[in-house]
Amino acid sequence: MTSDKQTAKRPYIRVAVFALVTLVAYFADRITKIYAMNELQNGRKVPVFGKFLSFELVRNHGASLSIGSNSTAVISVTAVISSFVLAYFAFKTTSLPYLTALSAAFAGTVGNLTDRIIYADGFLDGPVTDFINYGWSVGNVADIEIVCAAAAMLCMFCFSVPFSENSDKEKSCGENA
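Here's a quick rundown of the structure. On a predicted model such as this, the values are computed, not experimentally measured, just so you know.

### Points about the packing of aromatic side chains
Right, on to step 1. In this structure the tally under the stated criterion is 9 aromatic pairs.
Right, on to step 2. Ring centres of Phe 18 and Phe 91 lie 5.0 Å apart, and the angle between their planes is 50 degrees; this geometry places the pair in the tilted category. Of this pair, Phe 18 sits in helix H2 (residues 11-39) while Phe 91 sits in helix H3 (residues 72-92), and the two are 73 residues apart along the sequence.
Right, on to step 3. Relative to Phe 163, the ring of Phe 89 lies with its centre 6.2 Å away and its plane at 75 degrees, an arrangement referred to as edge-to-face. A residue pair is termed long-range when its members are at least 10 positions apart, and Phe 89 in helix H3 and Phe 163 in the segment after helix H5 (141-158) qualify at 74 residues.
Right, on to step 4. By relative accessible area, Phe 163 is classed as buried at 18%.
Right, on to step 5. Clustering of aromatic rings is evident, with ring pairs tying together Tyr 88, Phe 89, Tyr 98 and Phe 163.
Right, on to step 6. Over the ring of Tyr 119 we find Arg 59, and its NZ or CZ is 4.3 Å from the ring centre.

### Points about unusual backbone geometry
The phi torsion of most residues other than glycine is negative, and most of the peptide bonds are trans.
Right, on to step 1. Despite not being glycine, Asn 42 shows a phi value in the positive range, around 55 degrees.
Right, on to step 2. As for its position among the elements, Asn 42 is in the loop between H2 and strand E1 (45-49).
Right, on to step 3. Look at Asn 42 and you get exposed, because its relative accessible area is 81%.
Right, on to step 4. In this structure, Leu 124 takes a positive phi of about 50 degrees despite not being glycine.
Right, on to step 5. Inspection of the secondary structure assignment puts Leu 124 in the loop between helix H4 (96-118) and strand E3 (128-133).
Right, on to step 6. The exposure class assigned to Leu 124 is buried, which follows from its relative accessible area of 16%.

Rules used in this analysis
- Residues numbered from 1 in each chain as written.
- Predicted model: local features only at pLDDT ≥ 70, side-chain atom pairs only at ≥ 80, totals over all residues.
- Heavy atoms only, no water.
- Phe/Tyr/Trp six-rings, centres within 6.5 Å; stacked < 30°, edge-to-face > 60°.
- Helix = DSSP H or I, 4+ residues; strand = E, 2+ residues; numbered from the N terminus.
- Buried < 20%, exposed > 50% of the residue type's maximum accessible area, 1.4 Å probe, protein only.
- Lys NZ or Arg CZ within 6 Å of the ring centre and 35° of its normal.

And the structure:
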């Protein structure tokens, strides 16, 4: 029987995990966006949890909270660069938990970038399909994947989960170097 550490060192296992997590997360985002575009037309709002959570279609040209609505192409180029960086670190890690989180973040980034590409009128200037209204912000499944992945990686870092076999001596949050 092989340990998680031994399994994580095998490149083909890492590629398979990356591909599986990425595909499941990416298609979860795409399917929910397509469903939202079909079911939430003409301003239809579906309450889920009172005033705190509803489904409502919003086309967002900016980033989170519509920040940078006039800089959609810049946001898209940043997403392309971020995708390469996430994929690079996903293949550098020998930690299955980090690999899973990086794969989810990659899928979320590519999911939102897909919208910016397929709905573009110009160079990467398409809006992202948002539909989960939290009352203070509207997002989508890709946003949830990115935020959860970032939170997971922060927790792993703070609890000294090694990124790779070579990083066993990494310091946890709050420790001085």
